[in-house]
Amino acid sequence: MLTWQDILEFAHNGNPTPPRRVEKSPSEWQAELEQDVFYVTRLKGTERPHSSDSCTIFEPGQYACICCDNLLFDGDEKFDSGTGWPSFTQPSSVESIAYIADFSHGMQRIEAVCNVCDAHLGHVFPDGPPPSGLRYCMNAIAMKKRD
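Cut-offs and rules
- Residues numbered from 1 in each chain as written.
- Predicted model: local features only at pLDDT ≥ 70, side-chain atom pairs only at ≥ 80, totals over all residues.
- Heavy atoms only, no water.
- Phe/Tyr/Trp six-rings, centres within 6.5 Å; stacked < 30°, edge-to-face > 60°.
- Helix = DSSP H or I, 4+ residues; strand = E, 2+ residues; numbered from the N terminus.
- Buried < 20%, exposed > 50% of the residue type's maximum accessible area, 1.4 Å probe, protein only.
- Lys NZ or Arg CZ within 6 Å of the ring centre and 35° of its normal.
- Pairing = 2+ DSSP bridges.
- Axes fitted to C-alpha atoms, helices over the stretch in contact; angles between N-to-C directions.

Visitor: Would you take a moment to explain the packing of aromatic side chains for this structure?
Guide: Here the distance between the centres and the angle between the planes together describe a pair of aromatic rings. For the coordinates displayed, the defined rule picks out five aromatic pairs. Where Phe73 meets Phe88, the ring centres are 4.2 Å apart and the plane angle is 10°; that geometry is what we call stacked. On the criterion of sequence distance, the pair formed by Phe73 in strand 2 (residues 71–74) and Phe88 in strand 4 (residues 87–88) is long-range, its members being 15 residues apart. Both residues of the pair, Phe73 and Phe88, belong to the buried class. Look at Tyr99 and Tyr136: their rings are 6.3 Å apart centre to centre, the planes differ by 55°, and that puts the pair in the tilted class. Residue Tyr99 is located in strand 5 (residues 97–102), and its partner Tyr136 is located in strand 8 (residues 135–138); the two are separated by 37 residues in the primary sequence. Accessibility classification places Tyr99 together with Tyr136 in one group, the buried group. Every member of this aromatic cluster is reached through a ring pair, and the members are Phe10, Tyr63, Phe73, Phe88, Tyr99 and Tyr136. Over the ring of Trp29 we find Lys24, and its NZ or CZ is 4.9 Å from the ring centre.

Visitor: Help me understand the sheet that holds strand 1 (residues 62–65) in this model?
Guide: Either a parallel or an antiparallel arrangement is found when strands of a sheet pair, and the pairing is made through backbone hydrogen bonds. Pairing is antiparallel in the open sheet, where three strands are placed in the order 2-1-9. Bordering the open sheet on either side are strand 2 and strand 9 (143–146), each of which pairs with just one other strand. When the angles between neighbouring strand axes are averaged without regard to direction, this sheet yields 30°. Direction of pairing for strand 1 relative to strand 9: antiparallel, over a ladder of four bridges. Pairing of Cys65 across the sheet is with Met143, part of strand 9.

Right, here's the structure in full:
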């Protein structure tokens, strides 16, 4: 189980080795993705809170990166954080997500990106439920659900 200390270690000292890599130019991504998906995943945008039903739907399944189909989360790790974005306590594997120290907007946060294609997913915070205490606050538009 990952802890906040693990996340900080990755963000400051290097991320896990990804299982594979998918690399495309910005123009290739833009041609492939819908405009709002491109904005969030490739330009580090954020969708409006409560803009997706994904925040309140809790059912079995897996969540993968919308850009490269890398498995990110299992539905069993999803919880209602009340923030307006889908939240999870743990990634599907240590290698699924990479972490970047983010000092934008006058805040200190840890950005979560797909470890395979570098798509911006959201941020991770140390205010989640036990036992991990982690809250992966994700943009629903950056993920697709697998049944």
